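# Overview (structure and organization)
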Amino acid sequence: MLKRYAPKVKSHKELVGLQLERLSWTLNHVYSHSDFYRRHFAAAGVSPEEFSSLDDFRRFPLTTADDFRDGYPLPFQAVSNREIVRIHASSGTTGKRKVVAYTQKDIDDWLEMFCRCYEMAGLSEEDRVQICVGYGVWTAGAGFQLACERYGAMALPTGPGNLDMQCTFLVDFSTTVLCCTSSMALLLAEEVHRRGLRDQISLRKVICGSERTSKAMRRRIVELLGLEEFYDIPGLTEVYGPGTGLNCSQSSNIHYWADYYFLEFLDPETLEPVAEGEVGEMVYTTLYKEATPLVRYRSRDLARAVPGPCPCGSIMPRHSEILGRSDDVFIIRGVNVYPSEIDSVLSGIAGLGSEYQIHLDHQEDGRDYLKLKVERQVGIVADQDGSLSGELISRIKHRLMVTPKVELLAYGELPRSERKTRRVFDRRYD
Ligand code: ZN
């Protein structure tokens, strides 16, 4: 198939050359046009003239979500108001949202990246794409829809929720691709199953964003909807929105569009680069963004860089799935735990479902306790609870050095959500 959205750079060497050139452009652009960055660089004793290599780049100061909030509404603005054509914002309490602005060029760059995702997922003009993500000030609705139209596929902008309409559209329009959060995909998959519609739908692919998806949840969605492929589309409001990378059909690792942004993986404590392949916080610098560029922005998302070429042939570098957020990591009895570690233990036990909750409590004996509430798989009865809990306890103990309490529940007992499902309930400091 002709690749219309393939990157212009053809080798790793060309990519690095482009990144250096564009990093220099971004540093000069923000220094000349943003009071925030000029002050921020001055406080760190650096200026763009000093930049000529990646080693120099690490001397530039980091930026954080607090900078967004302290300078609300548009601390990173680096163009005049008349050049801005759109505003988006993250969810959050009023006045504390992270607000981003776009020039028309920023929108075009975003859609180009997004179309590259649709192309990597193998979509064509024949595809009918049901977009059940939030519309409004968030980036999801506009991103998925406008890119779908630009790509030439048919967009069905159903938004989240409204399972009745979702099911009707799946059948009546023979939807082939579903775009949503994985929580919404599970909710819809279960509804399709409940209504016995599996043979009347034509879904082949799901593109899920904005939420970590466990292997078990992915398996369940694929199985209930009869899918051929499941794609994970990460994205941050601060860095355009969704569409800045996608896993290829070869693995769950994500190719990220490193010709549009530069990614560092830093130790969240020491802020030094982690060794290759170690988990680090993803720190973003945009390479083309005009309206609200980011320089060394700490996303709090954790992932590993994946070294080496990918069998699919893309030269775009890869990172692992998002493993969690550095502020979601909880410490129990001195051990750092990423919620994704619990996911992967649960996903490896036949008989357990994809839905679970992690409860942390501090008890009168002064110790912290970890309790897991986990659904059984469909068709698994309570008779097997003894052996299932036994296996779960032993695997968690082996992995985390903590003995959990376990409560098994019938399939469907835990709450489902249309957006993101809350899984960690920490009551230790209440
Ligand atoms: Zn690949």
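Residues numbered from 1 in each chain as written. Predicted model: local features only at pLDDT ≥ 70, side-chain atom pairs only at ≥ 80, totals over all residues. Heavy atoms only, no water.

Another aspect to go through is the nonpolar core. Ranked by internal contacts, the top residues of the largest apolar core, which has 65 residues, are Phe-41, Phe-57, Tyr-118, Val-129, Phe-144, Ile-207 and Tyr-261. No other element matches the 8 residues that helix H5 (residues 104-120) contributes to this core. When neighbours within four sequence positions are excluded, Val-129 is seen to be in contact with Leu-123, Cys-148, Ala-153, Met-154, Ala-155, Leu-156, Val-177 and Cys-179. Of all hydrophobic cores here, the second largest spans 23 residues; its members include Cys-180, Leu-224, Leu-227 and Phe-230. (Core = buried A, V, L, I, M, F, W, Y, C linked by side-chain atoms within 4.5 Å. Buried < 20%, exposed > 50% of the residue type's maximum accessible area, 1.4 Å probe, protein only. Helix = DSSP H or I, 4+ residues; strand = E, 2+ residues; numbered from the N terminus. Contact = heavy atoms within 4.5 Å.)

The next subject is the coordination of the zinc ion. Coordination of the zinc ion by the protein involves Cys-248 (SG), His-255 (NE2), Cys-310 (SG) and Cys-312 (SG), with metal-donor separations of 2.1 to 2.3 Å. The sequence pattern describing where the donors of the zinc ion fall on their chain is C-x6-H-x54-C-x1-C. With His-255 in strand S11 (residues 254-256) and Cys-310 in the loop between strand S14 (297-306) and strand S15 (318-319), this residue pair connects regions lying 55 residues apart in the sequence. Residue class for His-255 comes out buried when judged on its relative accessible area of 0%. (Donors = N, O, S within 2.8 Å, 3.2 Å for Na, K, Ca; no water.)

Counted under the stated rule, the structure contains 0 disulfides. Cys-115 carries a free sulfur, and the closest cysteine sulfur to it, the one in Cys-148, is 8.8 Å from it. The thiol of Cys-208 is not disulfide-bonded; the next cysteine sulfur, from Cys-180, is found 4.5 Å away. Since its relative accessible area comes to 1%, Cys-208 is described here as buried. (Disulfide = S-S within 2.5 Å.)

Turning next to the pattern of salt bridges. All told, the structure shown has 28 salt bridges when counted by the stated rule. Between Glu-191 and Arg-194 there is a salt bridge; the shortest N-O distance is 2.7 Å. Of this pair, Glu-191 and Arg-194 both sit in helix H8 (residues 182-194), separated by 3 residues, roughly a single helical turn. A salt bridge links Arg-204 to Glu-228; the shortest N-O distance between them is 3.8 Å. You can see Arg-204 sitting in the loop between H8 and strand S6 (205-209) and its partner Glu-228 sitting in the loop between helix H9 (215-225) and strand S7 (229-233), a full 24 residues away along the chain. In this structure Arg-204 comes out as partly exposed when scored by relative accessible area, which is 27%. With a relative accessible area of 54%, Glu-228 lands in the exposed category. (Salt bridge = Lys/Arg side-chain N within 4 Å of Asp/Glu carboxyl O.)

Taken domain by domain, the chain consists of domain 1 (1-327) and domain 2 (330-426). The centre of domain 1, based on its C-alpha atoms, is set 30 Å off from the matching centre of domain 2. Between domain 1 and domain 2, the residue contacts involve 23 residues of the former and 18 residues of the latter. Applying the counting rule to domain 1 against domain 2 returns 1 salt bridge. For the salt bridge of Arg-416 with Glu-190, the shortest nitrogen-to-oxygen distance reads 2.7 Å. Across the contact surface, domain 1 and domain 2 share 8 residue pairs in polar contact (both at pLDDT 80 or more). When contributions to the side of domain 1 that touches domain 2 are tallied by element, the ones reaching two or more residues are H8 and H9. (Domains from an automatic or database assignment. Polar contact = N/O pair within 3.5 Å; in protein donor to acceptor, adjacent residues only side chain to side chain.)

The next subject is unusual backbone geometry. Note that the residue after Tyr-72, namely Pro-73, is joined by a cis bond; omega there is 5 degrees. By secondary structure assignment, the location of Pro-73 is in the loop between helix H4 (65-70) and strand S1 (86-89). The residue Met-401 is not glycine, and still its phi comes out positive at about 65 degrees. Locating Met-401 in the fold gives a position in the loop between helix H11 (385-400) and strand S21 (405-409).

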